[in-house]
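Read off the chains here:
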Amino acid sequence: MSLLPRGRRCGAAATAARRLLLGTRARVPGSHMCNQYTTSGSLTEEKKELLQSGPDLQDFVSGDLSDKSAWAEYKGNLKRQKGERLRLPPWLKTEIPMGKNYNKLKNTLRSLNLHTVCEEARCPNIGECWGGGEYATATATIMLMGDTCTRGCRFCSVKTAKNPPPLDPEEPYNTAKAIAEWGLDYVVLTSVDRDDMPDGGAEHFAKTVSHLKERNSKILVECLTPDFRGDLQAVEKVVLSGLDVYAHNVETVPALQRKVRDPRANFEQSVRVLKHAKEVQPRVITKTSIMLGLGETDEQVYSTMKLLREADVDCLTLGQYMQPTKRHLKVEEYITPEKFKYWEKTGNDLGFHYTASGPLVRSSYKAGHLHASV
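Residues numbered from 1 in each chain as written. Predicted model: local features only at pLDDT ≥ 70, side-chain atom pairs only at ≥ 80, totals over all residues. Heavy atoms only, no water.

### Here we look at the overall build of the chain
Each helix and strand in the chain was counted, giving 14 helices and 12 strands. Across the 374 residues of the chain, 56% fall into the buried class. As displayed, the chain offers around 16,300 Å² of accessible surface, 48% of which is attributable to carbon and sulfur atoms. (Helix = DSSP H or I, 4+ residues; strand = E, 2+ residues; numbered from the N terminus. Buried < 20%, exposed > 50% of the residue type's maximum accessible area, 1.4 Å probe, protein only. Areas by Shrake-Rupley, 256 points an atom, 1.4 Å probe, with all protein chains shown as cover.)

See below:
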């Protein structure tokens, strides 16, 4: 549930997956953010020009800040010193639009008693994903099995409990009904961890996918799953349900796993899950996500990317970790857009089918819109 807080955990990799699935090149939507500004007569011509030529939201999403002059004078610290709390750099300060699609999605979710990782993890991109646009598909990542997790990862603000409420047996049906009402052609399903259940909720995932495919055989389904405590039979149950993309987030580099994730999770276990999914169903696209800014080194990031590619992971997303509340891990470093572009190139060079890397990228971010543009 990356991430993006958990999971921006947000979805340009989803775009790539759709291109791989469809084998076609769809039109790339233009930015739906207006890049025209009303400038005060008191501004100098230089400042007026700076406003007009500054990057828009699409630049933030892609990490492609070709005109770096807007941020050239930023003198704030990017790496945290002891006892310090970093200030948000300008490339992460973006206004989040709220529109008709946003309100429609929210009302539909409430009426059907469904939960989204967008809300529970306090994702900063919720308005952008749910708002859609002239050419965009409004995308919400549905969180199955309730809103209470049995684990307590230090980056995630989803509430936790040892024994969450029992599953809603009608949830798979209600989820399919909601997707039908929205008319989406791509949906992301994720969940909290449910270590209180024998199969970790794998059967619940499988039933939801089955209902969706029965209603619309053409719909593309991505499942962003827990690690199921390493239970490979549970992984198989989800992989063989008819989904198109199997995603599971390793979250961070191996050296920081114990600091960042719940003790029941670890890098090796997550990689086994991803690798097994590909072995069981080779046609399925596999995908994972890494948060940057938690104190990792460049060498550790590169090594992690190599290990993931060796495990035959198809798509990778890298995004900036953002502290959801003061109780959670502090941001150790704000990664520049230029560095994110470097990691995107590195991922492509290593052979990932698609690498989405940018400050605001999350593993399920605008999945429908971005898949359509791949």
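### Examining the pairing of strand β12 (residues 354–357)
Side chains on a regular strand alternate between the two faces of the sheet. Pairing of strand β11 (residues 315–320) with β12, which is carried by four bridges, proceeds in the parallel orientation. Paired with leucine 318 across the two strands is serine 357, which belongs to β12. At this point the chain moves from β11, through helix α13 (residues 337–350), to the parallel β12, and the crossover so formed is right-handed. (Pairing = 2+ DSSP bridges. Right-handed = clockwise from strand over helix to strand, strands pointing away.)

### Section: the pairing of strand β4 (residues 141–144)
The alternating pattern of β4 places Thr141 and Met143 and Ile142 and Leu144 on opposite faces, both of which are buried. Relative to strand β7 (residues 186–191), β4 is paired through four bridges, and the arrangement is parallel. Note that in β7 the partner of isoleucine 142 across the bridge is leucine 189.

### Focus: the confidence of the model for the chain
When the pLDDT values of the chain are averaged, the result is 76; 65% of them are 70 or greater. Scored below 50 in pLDDT, residues 1–13 shows 91 contacts in the model against residues more than four places distant or in partner chains. Note that residues 24–44 has pLDDT below 50 and, in this model, 36 contacts with residues that lie over four places away or in other chains. (pLDDT = per-residue confidence, 0-100. Contact = heavy atoms within 4.5 Å.)

### With respect to the environment of lysine 330
Counting through the fold element by element, lysine 330 comes out in the loop between β11 and α13. Along the sequence, lysine 330 and glycine 293 sit 37 residues apart, while their C-alpha atoms lie 9.2 Å from each other.

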